[in-house]
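# Residue-level structural notes
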Amino acid sequence: MELSKTRQQEQDSNPREKFIMAARRHKILSNKCSRCGHLMLVTVYYCEKCFSHKFESNELEGTGKVVTYTIQAVAPEGFEDAGSYAWVVFSVDGTDFNVSGFLPGVTSASDLPLGSRVRVLDYHPKHGLTLQKV
Ligand SMILES: [Zn+2]
């Protein structure tokens, strides 16, 4: 079997690394099912809807609306200076794709009404996506 050059390049960086590189550019890398168009995390290996494992890489703007969140009073390691924070699930603009991330500086529900707009700011090696309010 011969690998095309593109496939070889894709295999050079794993899905998680590619996801992180996209997050640093404020984007969300997802996989789009070639058969049914369902969007999934890049770490998912087959389509949750039709079980196909043929995907196209699909880069989304890292902006969306808060669907739900949990406020934590004690910040995790690496975020001690962030004070309280929220673990946020947000719906990515233009999709029904939900992604979760970390939003520093949220102390009460009034800081973050549901439907607030957030965007991907960065990727933290331990905690995942870092968000900011927009
Ligand atoms: Zn599918």
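The structure under discussion appears in the preceding block.
The present account deals with the structure reproduced in this document.

About the criteria used
Residues numbered from 1 in each chain as written. Predicted model: local features only at pLDDT ≥ 70, side-chain atom pairs only at ≥ 80, totals over all residues. Heavy atoms only, no water. Donors = N, O, S within 2.8 Å, 3.2 Å for Na, K, Ca; no water. Tetrahedral: all angles 85-135°; square planar, octahedral: opposite > 155°, others 65-115°. Helix = DSSP H or I, 4+ residues; strand = E, 2+ residues; numbered from the N terminus. Core = buried A, V, L, I, M, F, W, Y, C linked by side-chain atoms within 4.5 Å. Buried < 20%, exposed > 50% of the residue type's maximum accessible area, 1.4 Å probe, protein only. Domains from an automatic or database assignment. Contact = heavy atoms within 4.5 Å. Pairing = 2+ DSSP bridges. Axes fitted to C-alpha atoms, helices over the stretch in contact; angles between N-to-C directions.

### Topic: the coordination of the zinc ion
Distances from the zinc ion to its protein donors, Cys33 (SG), Cys36 (SG), Cys47 (SG) and Cys50 (SG), fall at 2.3 Å. Angles of 103 to 117° at the metal separate the four donor atoms of the zinc ion, which places the site in the tetrahedral class. Here the donor residues of the zinc ion share one chain and are spaced in sequence as C-x2-C-x10-C-x2-C. Of this pair, cysteine 36 sits in the loop between β1 (27-33) and β2 (39-41) while cysteine 50 sits in the loop between β2 and β3 (55-61), and the two are 14 residues apart along the sequence.

### Description of the nonpolar core
Core analysis: the biggest nonpolar cluster contains 25 residues, and Ile28, Val88, Phe90, Leu112, Leu129 and Leu131 have the highest contact counts within it. Of all the secondary structure elements, the ones that give two or more residues to this core are α2 (15-24), β1, β4 (63-72), β5 (85-92), β6 (98-104), β7 (117-124) and β8 (128-133). Counting contributing residues per domain, this core is built from domain 1 (5-61) and domain 2 (63-133), each supplying no fewer than three. For leucine 112, the contacting residues outside a window of four places in its chain are Val66, Tyr69, Ala86, Val88, Leu103, Val106 and Lys133.

### Observations regarding the sheet that holds β3
One open sheet holds the three strands; their spatial order is β2-β1-β3, and the pairing between them is antiparallel. Whereas interior strands pair on both sides, the edge strands pair on one side only; in this sheet they are β2 and β3. The sheet shows a mean angle of 45° between the axes of neighbouring strands, direction not considered. As defined by bridge partners, β1 adjoins β2 across three bridges and the pair is classed as antiparallel. Counterpart to serine 30 in the pairing with β2 is leucine 41.

In short, shape yes, function no, at least from these values alone.
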